[in-house]
Amino acid sequence: MSPALAAFIRPSPFALKFATKGVLAMALALYAAFFFDLDRPYWALISAAFLQTRPMSGMVVEKGICQVTGTFVGTCVAVVIMGCFAQVPELALGSVTLWIGLCIYGASLTHNNLSYGCVMAAVACMIIVVLTSSAPDDFFSVALARLSELSLGALCAVVVSALVWPIRVRDHLGKLSDTAVNATFRYMALAFSMPLEGGKTTGGQKDQHQERMAMLEQMMTGLDALNNLEIDAHSARYEGPQGKGRIRGVHLLTRRSMRLYATLKALHQLRHPEFFVPSQRDDGEKSAEPGELDQTRRQEAERFSQPTQDLMQRLGAAFQSMADNQGTAQARKTLKELRGECLRLSRGQRSITALEARLLFSLREVLGHALVILQAREVINHPGRHQLRQPSMSWHRDHGRAAIDALRAMTIFSATAIFWLATAWDNGAVAMLLGTLFSGIFVSRGDPAPIIPMVLKGLLLAVPSVLLFGNVMLSHAQHFVPFVIIFSIPLFLGLMGSVVPALAGIALPFVVFNILLVMPDNGMTFDVAYTLNRSLAAGIGLIVTIIGFRLIPVPGAGWDKRQLIRATASDIRELAERSTERLDSWFGGRMGDRLLRLARHEQTRSREQEARRSGETANGQPDAAQEQVLGMPLLTLGLTGMDIGRGIGFVRRELGNDVPRPVQHALRELIHALADDYQRCARGESPTRMRAAGDRLCEVIEQHRTMSRHKQALLAGWLTRVQLTLQSDALRQRHS
């Protein structure tokens, strides 16, 4: 049985509860709107329906606050516009167009429910101005009615969410944090357990390929959970005084997990350079010039000592045990013991290379990050037991993409407004509403073009449903109870289907269009022609929206990659000027959101690649192009940037504040060289500046003796590792 059919024939208990809560919230909103004799009760209904998409108590409260606030701001702007241009509809609509552009620009730069609040500010202003443009005298009553209806719907949704089968954000965050931590530990177990000697036989290559795929799967699982944690965590503040503690725990977990992935990527690259740099392409030619792989080949030839290899195998077994739900106390004890062993091993070996010294130092960092990750998970689940100070992450703001989104929304609204003015069609306002609403809601989507046709399918399915339930059956309902029962049947089915991810893009619009086309109020008519007329207007609005996204498409992964790399390189350069006290927290906070964005692009990229994957050879191995995709070129660029920033922070802390001028000058040159080479490798070009700048810094430090011999060895090992990382990243970008 297909998942779509099973969603209605054998629904899950959660689907039944979700649909029941949604119908109850909408029925309560409709009853209250009728009781208070509001002009358009269906707006209270729509308000309650939108808030039920995420039925957790804290999320409903936060989204309701953002909805009411956005509606109030939009109403105030509508007051100003109508006060200035009540007699000139063209100028009023022009002002609304500019306001919509400003709101969508803000929605594109904000996150979570703040983006939804910006969209509601645009929609509220547009509705009020359009409805009162022909009757300016009714302006204040219409504005007050819209604010009252939307606020009433939000209040009803909050009440039902809190009283009927309440779902708490704290439980949701606890499950996500467990998923993120366990996936991270499984990734670490696989990374440390993979033997240093790659299999040369076909079977060995198959096993290595399977292990790599398993590692990438665990990494993407962990990053997806971290992304959802950051999106959903802010709603926890509305579930009691411990909510802020949970939010700080989420920020700590995200930051340390990102640092951990960056360090692990560098460690795994030291142990397995072939994982990142394929030696041959599918046409049998070498994948790079001989000079470009000299450093890689030297790394492959150099072996770590046996005690270090044994330690890494123990780390793999320990992390696998922790991922299998080992107790937190025992896990913390094991991590501390392994960290002490790393320290003893690094101090006990006399003939140790710079790279191996750096590897042992990085192993201690990994174990330290793992300890903090366990603490962060405890804070999320039990914030009252811990006192934690952790600043929030800095969000990446792409002003160029925000401007494109604003231009598209203004174009869509202008097209529907011109059509409305030219035809004087009463239902033309529906096209304006839907164009504004969906062009704003989809700004947070990476590629909304495939979703909008699904919304159109939801409309096509809603039309026969409205004709049957809204025009035929509702006409025989004489009282509120039978009216609600009949009207709730398609809403219940739509909400039940929206739980299935494959149906959500059709089921939720189906619910919204059932409300918009029926428009329950005290003076409703059951005219089939009017219903079809309104359906046609809704279809026109959606078609204009589709054309708008086709003509002004959302910038793709290439745009985001350039913006993210440019911003990362700029932050790396700024590390030369900032004070050392909050260097890691500042850089880590700004990199967290960028890594999550790159991870989302990799998820999309992987799904697209898997859909058209057909180039596997007879022995089950992917071709060279697919191997490049498996290396996740976008995400590894972000992890490399994180590793470079943390390495610079380490060097600056070890040098201290009282640095001789030649050392300070050499360090600044190295930082700028790293930023330049980082941008070069993102374009597929080999690094050219950092080697000379790094050698110069080591010479100046040796001359002025501003760092101990052991720290100098760690610095030399880090510079060698970064050189290798940038070379392999450049090769991956060139062939991806």
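Presented here is a report on the structure given in the accompanying data block. (Residues numbered from 1 in each chain as written. Predicted model: local features only at pLDDT ≥ 70, side-chain atom pairs only at ≥ 80, totals over all residues. Heavy atoms only, no water.)

**Comments concerning the overall build of the protein chain**
Helix and strand counts for the protein chain stand at 28 helices and zero strands. Relative to its 736 residues, the protein chain shows a buried fraction of 57%. Considering only residue pairs separated by 6 or more positions, the protein chain has 81% of its internal contacts joining residues 24 or more positions apart. (Helix = DSSP H or I, 4+ residues; strand = E, 2+ residues; numbered from the N terminus. Buried < 20%, exposed > 50% of the residue type's maximum accessible area, 1.4 Å probe, protein only. Contact = heavy atoms within 4.5 Å.)

**Focus on the packing of helix α2 (residues 13–35) against helix α3 (residues 41–51)**
With their axes 8 Å apart at the nearest point, α2 and α3 run at an angle of 155° to one another. It follows from the interaxial angle that α2 and α3 lie roughly antiparallel. Note that α2 runs across α3; the crossing there is right-handed. Here A25, M26, A29, L30, A33 and F34 of α2 come into contact with α3, specifically with P41, A44, L45, A48 and A49. The residue makeup of the contact of α2 with α3, split by class, is eleven nonpolar, no polar and no charged. (Axes fitted to C-alpha atoms, helices over the stretch in contact; angles between N-to-C directions. Parallel < 35°, antiparallel > 145°, perpendicular 65-115°, else oblique. Left-handed = near helix turned anticlockwise from the far one by under 90°. Nonpolar A, V, L, I, M, F, W, Y, C, P; charged D, E, K, R; others polar.)

**Observations regarding helix α25 (residues 633–655)**
For α25, built from 23 residues, the straight-helix expectation of 33 Å at 1.5 Å per residue is met to within 8% by its first-to-last C-alpha distance of 33 Å. The buried fraction of α25 is high, at 21 of 23 residues. Backbone geometry just after α25 places G656 at a positive phi near 80°. (Expected span 1.5 Å × (residues − 1).)

**Looking at unusual backbone geometry**
Its identity as a non-glycine residue notwithstanding, W165 has a phi of 45°, on the positive side. Note that W165 resides in the loop between α7 (139–163) and α8 (169–193). W165 gets classed as partly exposed once you look at its relative accessible area, which sits at 42%.

**Observations concerning helix α21 (residues 528–551)**
Its 24 residues give α21 an end-to-end C-alpha distance of 35 Å, which sits within 8% of 34 Å, the value for a rise of 1.5 Å per residue. If you check which residues of α21 are buried, you get T531, R534, S535, A537, A538, G539, G541, L542, T545, I546, G548 and F549. Between a side-chain oxygen at the N-terminus of α21 and the backbone nitrogen of A529 the separation is 3.1 Å; the capping residue is D527. (Polar contact = N/O pair within 3.5 Å; in protein donor to acceptor, adjacent residues only side chain to side chain.)

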